[in-house]
Amino acid sequence: MNQILHRSSRRPESSETEIKDAATAKHARLVRLPIRGRLELEVRHSALQVFVEYSIPKIHCRYLVSASERGNVYTLNRKASGGGIAGLTLAATLHRYTPADAPIEVNIYEADAEVRTVGAGITIWPRTWAIMRELGLYDALWSVTVQGSGESLDGKNESELKPAFVARKANQPSDGYTYARVLAPNGSTTTHRRDMIDVFLSRLPPSYTLHTSKRLKRYTHSSNASQPEPGPVTLHFEDGTTAHADVLLGADGIHSATRYAMYEEAHLRECVVAGASGGWQECDRCKAAMPVWTGVHSYRCLIPTEELYALNPEHTTRSIGSVLCYSGKDKHIITYQISGGAFLNFVAICRVPGGEGAPYKSKWVTEVPKEEVLSQFAGWEPEVQQMLQCVRNPTRWAVHVVEDLPFAVRENVALVGDSMHAMRPNFGAGGGQAIEDAYILGRLLASPRLTRAHIPGALQIYERVRLAFTTAIARRAREVGLMYEFNAPGFYSGEEGREKGEDEEEEELNRLGRRIREMWEWQWTEGVEGQWVEAERELDALVRAG
């Protein structure tokens, strides 16, 4: 999504004469005139720069952002590129923290013809719930979730530890053996991504407008020798149109055009000047911006619970009230209920030996026959076979990541969410981390003390607070995924051919389970509020320094 935001007040429609007068006002530093209700014309210093915004009501979209100070009028044209959960959280955060006496007008640009979501289920952990409470979205989001064994997060029981993640060894014909049980405050809550996005969309204020079919192709910078701060960013869309902003926030996903343009520009300005040859994709530093295959295929579908529980009324997924992982060598299945319990989100992860880091030349997402999924789990326990009987229209995803980026900010451009840290799904943390990015960044940009000159510094604060943290989480996600599939060095390996007693195998599995519990604890023992305190302290220092 691409998003334009203005600090402004609504004014009556301007006449053609008024517009012409404004355009010839030699001493006007900034004139802002509404046309046809929500079309605005800005005429800047001596009418030499003209910026036009189009706002079309009741259309959906993705984000772009910018900020500037002109005389005594503070305008905020923030544009963010990209969308989905990260972009909508950014909009909600700006709306929540922008002062009433300095409102921001927001225009959101969606790359597709409508706001869509990739994937089905999403888990919501305590860190995310804390942000939803701050944004006033807590109750609305809670109403569309499937809860574990709790009925509400009303403050009375949200600290009670309940099952959040359970793993069982399942790659044998007999019933599975539970080796890991992770308890979290109020357990796990899950929902359909579409339901979550609808909550965000339903809470967008009327002054926010969304535009569709605006896919970012690239951006360029405008330079002005008389100004020390970075010049405006020009957004170039694939339909041939352009828009301008003082800040660009790229929340445009793993295939982020913002990220590619950022690294291409940085490579030319920094690496080539320093003597590097070739394009940014071959540069030792800049090639980190290219997505990398994890060596994993993910088979996904939604299983109707009515059909599954008709086969087995005692199926564990019916009553466990948590995310359930069925583990085996090189493979695991993640399941949990969504859509009010009507469906089971089914995600089967299968490792391709030697595939991690290798080029992936096929389509990333493709429909596959049911038989391909069934063949991956032949001989697994009865509950897995029952789920496989209910698989319909599965798709195969080649799981790619963007990790270990050396930077996520350049001048007045920043990356948000998957464009900065597309990670493995093993913690169910990608969506939550995108929300945290947007929350921290939105609160920084909502500050009425921020001027155009402060924007690069504010974005650097965001990068310092978020980039190292999300990089560490992405590494942990890889580590814990190896544990689920019995490939973690020093832990139970599930290797055949070695004679083990049942007690010895169980002890090795239990030790693995204890380590998995430790790996998960960051989801509720640490909070995002500490990061905001750090960011706010740095913002205060930035503003005081002028």
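Here the structure is shown first, and the text comes after it.
Worth saying up front: this structure is predicted, and the values here are computed from it rather than measured. (Residues numbered from 1 in each chain as written. Predicted model: local features only at pLDDT ≥ 70, side-chain atom pairs only at ≥ 80, totals over all residues. Heavy atoms only, no water.)

Scanning the chain from terminus to terminus reveals 16 helices and 26 strands. The proportion of buried residues among the 546 residues of the chain is 57%. Within the chain, contacts between residues separated by at least 24 positions form 73% of all contacts whose residues are at least 6 apart in sequence. Accessible area for the chain stands at about 23,100 Å²; split by element, carbon and sulfur atoms hold 50% of it. (Helix = DSSP H or I, 4+ residues; strand = E, 2+ residues; numbered from the N terminus. Buried < 20%, exposed > 50% of the residue type's maximum accessible area, 1.4 Å probe, protein only. Contact = heavy atoms within 4.5 Å. Areas by Shrake-Rupley, 256 points an atom, 1.4 Å probe, with all protein chains shown as cover.)

So, about the packing of aromatic side chains. All chains considered together, the criterion is met by 15 aromatic pairs. Aromatic side chains F165 and W520 sit 4.8 Å apart centroid to centroid with 25° between the ring planes, which places their arrangement in the stacked category. Here W520 lies in helix α14 (residues 502-520) and F165 lies in strand β11 (residues 161-169), a separation of 355 residues in the sequence. Looking at W520, the relative accessible area reads 2%, which means it is buried. Joined through ring pairs, the aromatic side chains of W125, F165, F427, F469, Y484, W520 and W522 make up one cluster. If you follow R443 out to its NZ or CZ, it ends over the ring of Y97, 4.1 Å from the centre. (Phe/Tyr/Trp six-rings, centres within 6.5 Å; stacked < 30°, edge-to-face > 60°. Lys NZ or Arg CZ within 6 Å of the ring centre and 35° of its normal.)

Before going further, it helps to spend a moment on the environment of A113. Turning to its location among the elements, A113 is positioned in the loop between β8 (104-109) and β9 (121-124). Here the alpha-carbon distance between A113 and K214, two residues 101 residues apart in the chain, equals 8.4 Å. With residues near it in sequence (within four places) discarded, A113 still touches T212 and S213.

Sheets are built from strands paired through backbone hydrogen bonds, the pairs being either parallel or antiparallel. The strand order across the open sheet formed by eight strands is β12-β11-β20-β21-β22-β19-β24-β23, and the pairing between neighbours is mixed. Both edges of this open sheet fall to β12 (177-185) and β23 (365-367), since each of them pairs with a single strand only. The sheet shows a mean angle of 20° between the axes of neighbouring strands, direction not considered. Two strands pair when backbone bridges link them, and strand β21 (residues 331-338) and strand β22 (residues 343-351) are joined in this way by eight bridges, in the antiparallel orientation. Each bridged residue has a counterpart across the sheet, and for I333 the counterpart in β22 is A348. (Pairing = 2+ DSSP bridges. Axes fitted to C-alpha atoms, helices over the stretch in contact; angles between N-to-C directions.)

The next subject is the pattern of salt bridges. The tally for this structure, following the rule as stated, stands at 24 salt bridges. Measuring nitrogen to oxygen at the nearest pair gives 2.5 Å for the salt bridge that ties E538 to R464. Within this pair, whereas E538 is found in helix α16 (residues 529-544), its partner R464 is found in helix α13 (residues 455-484), the two being separated by 74 residues in sequence. By sharing partners, the salt bridges in this structure join R127, E436, D437 and R466 into a single network. (Salt bridge = Lys/Arg side-chain N within 4 Å of Asp/Glu carboxyl O.)

Looking now at the nonpolar core. Among the nonpolar cores identified, the biggest contains 83 residues, and M132, L249 and Y462 are the most heavily contacted of them. If you tally residues by element for this core, the top one is helix α12 (residues 430-446), at nine residues. Listed in part, the 39 residues of the second largest apolar core include F469, A488, W522 and W524. (Core = buried A, V, L, I, M, F, W, Y, C linked by side-chain atoms within 4.5 Å.)

The interhelical angle for the contact between α13 and α16, taken along N-to-C directions, is 155°, at an axis separation of 9 Å. Judged on the interaxial angle alone, α16 and α13 are roughly antiparallel. Both α13 and α16 take part in a crossing whose hand is right-handed. Where α13 abuts α16, its residues G457, A458, I461, R464, V465, R466 and F469 lie against Q531, E534, A535, E538, L539 and L542. Grouping the constituent residues of the contact of α13 with α16 by class yields seven nonpolar, two polar and four charged. (Parallel < 35°, antiparallel > 145°, perpendicular 65-115°, else oblique. Left-handed = near helix turned anticlockwise from the far one by under 90°. Nonpolar A, V, L, I, M, F, W, Y, C, P; charged D, E, K, R; others polar.)

Turning our attention to the sheet that holds strand β17 (residues 242-245). Pairing is antiparallel across the open sheet formed by three strands, whose spatial order is β15-β16-β17. Looking at strand neighbours, the two that pair on one side only are β15 (216-221) and β17, the edges of this open sheet. Taking the axes of each pair of neighbouring strands and ignoring which way they run, one obtains an average angle of 25° across the sheet. Relative to β17, strand β16 (residues 233-237) runs antiparallel, the two sharing four bridges. Each bridged residue has a counterpart across the sheet, and for H236 the counterpart in β17 is T242.

A few words now on the environment of R259. Examined against the element boundaries, R259 turns out to sit in helix α6 (residues 257-272). Measuring from C-alpha to C-alpha, the distance between R259 and M420 comes to 7.8 Å, with 161 residues separating the pair along the chain. The residues contacting R259, other than those within four sequence positions of it, are G253, I254, A289, P291, V402, L405, L415, D418 and S419. Only 2.7 Å separates the side chain of R259 from the backbone oxygen of A289, close enough to count as a polar contact. (Polar contact = N/O pair within 3.5 Å; in protein donor to acceptor, adjacent residues only side chain to side chain.)

Keep in mind these values describe shape, not function.
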